[in-house]
Amino acid sequence: FAGSLSLRAQQLSDTVIHVSGNPLFTHKYTADPAALVVGDTFYLYAGEDTGDGKGYNIPNWLVFSSKDMKTWTEHPIPLRTSSFSWATGNSSWASQVVERDGKFYWYVSTEHKNEDGKRGKAIGVAVSDSPTGPFKDARGTALITNNMTTQWTKISWDDIDPTVWIDEDGQAYLFWGNTQCYYAKLKKNMVDIEGEIMPVELPAFTEAPWIHKHKDWYYLSYATGFPEKISYAMSKSIHGPWEPKGILNEIAGNSNTNHQAIVEFKGVWYFVYHNGGRQTEGGSYRRSVCIDRLYYNEDGTIQRIQMTTE
Ligand code: FUB
């Protein structure tokens, strides 16, 4: 479509994209979506799957914005793996942006070097005055490293997929994990952990936790199994216990992974995820972000997502 050729080159200014359905974007592969609503604007963050087809190769994160969910603006690349001087390699994984006191904090999965010289997964945080960036490393070191969770570790790459929730009393929480889910409090500065890291017990947890709240229920949705479906659990407290409520979304086409964000925008609830999208070229390492509607039942449970091409 118009503009796709120039978008392939380094993008220096905003570009308008008219979206006609799922998957949203066809000029780049986009994975691991996160969503943030600021005023009348929906911000969509995603990793850029480079499309080499050999593995999760995500050197950049992207940001798109929309006021009507049809016309989107792609902003210049706001954050890269190389923005973190301590990160090793050239690829990062899933992420989420949250706002606090007019600043925007971007929590990312990447890799660092352990004291023994071996690479391990880590979570970093970048900050900006604008939801579209540019973002800068907020700490100069990782926020979570894989030697902080050895007590519960089930696999070596468990410290990935951060999601942050700021509760009504102002306390912020970081949830993350693969195979084992964890959570910890964040200090008011949003860039340091406060207190202990605790395990979160969820059945068949694979990865991709996302917290949201609707009425007086907290929801923890997450990827389960492999290929992944999205499950969810509900609780009256951010500390749990979390009651499993089953499958929310089926395996997303020809992608082994599935990764969701759930937000309300202008009175409508949205389920944002990725699939293997573009059938002939898409797949597990060439993913594409999609958005469908999410509906609640009277008792607060969520209806299974209907994946559409619209
Ligand atoms: O994109 C790499 C990894 O795949 C993410 O961190 C997981 O959530 C899964 O989507």
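As annotated in an unreviewed UniProt entry, the protein chain carries the name Glycoside hydrolase family 43 protein and is attributed to Sphingobacterium suaedae. Annotation of the protein chain in UniProt includes, under Sequence similarities (unreviewed entry), the sentence "Belongs to the glycosyl hydrolase 43 family."

**Some thoughts on the overall build of the protein chain**
Looking only at helices and strands, the protein chain features one helix and 22 strands. Taken against the 2.2 N^0.38 rule, which gives 19 Å for 310 residues, the C-alpha radius of gyration of the protein chain at 18 Å falls within 12% of a compact globule. When its C-alpha atoms are laid out on the principal axes, the protein chain stretches across 50 × 50 × 40 Å. The buried share of the protein chain, reckoned over its 310 residues, is 45%. Long-range contacts, defined here as pairs at least 24 residues apart, represent 48% of the contacts in the protein chain between residues at least 6 apart.

**A few points about the sheet that holds strand β19 (residues 243-249)**
Taken together, the four strands give an open sheet; going across it, the order is β16-β17-β18-β19, and neighbouring strands pair in antiparallel fashion. Only two strands of the sheet have a single partner each, and these edge strands are β16 (205-214) and β19. Adjacent strand axes in the sheet meet at a mean angle of 25° when their direction is disregarded. Bridge count for strand β17 (residues 217-224) against strand β18 (residues 229-235) is seven bridges, and the pairing is antiparallel. Within β18, the residue paired with Y222 across the bridge is S231.

**Some remarks on the site of the ligand**
Taken together, 13 residues sit near the ligand, with Y56, W93, A94, T257 and H259 positioned nearest. Elements supplying a minimum of two residues to the shell around the ligand: β2 (29-38) and β16. Considered class by class, the residues forming the shell around the ligand number six nonpolar, four polar and three charged.

**Considerations on the sheet that holds strand β15 (residues 193-200)**
Pairing between the strands of a sheet comes from backbone hydrogen bonds, and it takes one of two forms, parallel or antiparallel. Pairing is antiparallel across the open sheet formed by four strands, whose spatial order is β12-β13-β14-β15. Either end of the sheet is taken by a strand with one partner, and the two such strands are β12 (163-166) and β15. Recorded for the sheet is a direction-independent mean angle of 20° between the axes of neighbouring strands. As defined by bridge partners, strand β14 (residues 180-186) adjoins β15 across five bridges and the pair is classed as antiparallel. Along β15, the bridge assignment pairs C181 with V200.

**As for the pairing of β16**
Most of β16 is tucked away, with eight of its 10 residues classed as buried. For β16 and β17, the ladder comprises seven bridges, and the chain directions are antiparallel. Across the sheet, the residue bridging to W210 is S221, located in β17. Between β16 and β17, which pair antiparallel in sequence order, lie two residues; one of them, K215, sits at a positive phi of approximately 55°.

**Some points on the confidence of the model for the protein chain**
A low pLDDT score tells you not to read the predicted coordinates there in detail. The predicted model of the protein chain averages 93 in pLDDT, with 96% of residues at 70 or higher. Within the model, pLDDT remains below 50 along residues 1-8, and this stretch shows seven contacts once partners closer than five positions in the same chain are excluded. Our summary of model confidence lists the complex with pTM equal to 0.95 and ipTM equal to 0.97.

**A look at the environment of L36**
Relative to the elements of secondary structure, L36 occurs in strand β2. What L36 contacts, discounting residues up to four positions off in sequence, is Y43, V97, V98, E99 and P131.

**With respect to the nonpolar core**
Among the nonpolar cores identified, the biggest contains 76 residues, and L44, V97, Y105, W106 and V272 are the most heavily contacted of them. In this view, V272 contacts P33, A35, L44, Q260, A261, V289 and I291; residues no more than four positions away in its chain are not counted.

Analysis parameters
- For every chain, the first residue of the written sequence is number 1, and numbering continues from 1 onward in sequence order.
- Local features in this predicted model are restricted to residues of pLDDT 70 or higher, and side-chain atom pairs are both shown and tallied only at a pLDDT of 80 or more, whereas totals for entire chains, interfaces and linings draw on every residue.
- UniProt positions are given in the numbering used here, feature names are shortened, and annotations may be inferred rather than shown by experiment.
- Here a helix means four or more residues in a row that DSSP labels H or I, a strand means two or more in a row labelled E, and each is numbered from the N terminus.
- Only C-alpha atoms enter the radius of gyration; for comparison, a globular chain is expected to reach 2.2 Å times N to the power 0.38, where N is the number of residues.
- The burial label depends on the number of other C-beta atoms within 10 Å of a residue's C-beta. Counts of 20 or more mean buried, 12 or fewer mean exposed, and intermediate counts mean partly exposed, with C-beta atoms placed from the backbone.
- Residue pairs are scored as contacts if the distance between their C-beta atoms, which are placed from the backbone, is within 7 Å.
- Pairing between strands is defined by DSSP: at least two bridges between the two strands are required.
- Every angle, taken between N-to-C directions, lies between 0 and 180 degrees, and every axis is a line fitted to C-alpha atoms, over only the stretch in contact when it is a helix.
- In this entry, near means the residue's backbone-placed C-beta atom lies within 6 Å of the molecule or strand.
- Basically, the charged four are Asp, Glu, Lys and Arg, the nonpolar ten are Ala, Val, Leu, Ile, Met, Phe, Trp, Tyr, Cys and Pro, and anything else, Gly included, counts as polar.
- Scored from 0 to 100, pLDDT reflects the predictor's confidence in each residue.
- The term nonpolar core refers to a set of buried Ala, Val, Leu, Ile, Met, Phe, Trp, Tyr and Cys residues connected through C-beta atoms within 7 Å.

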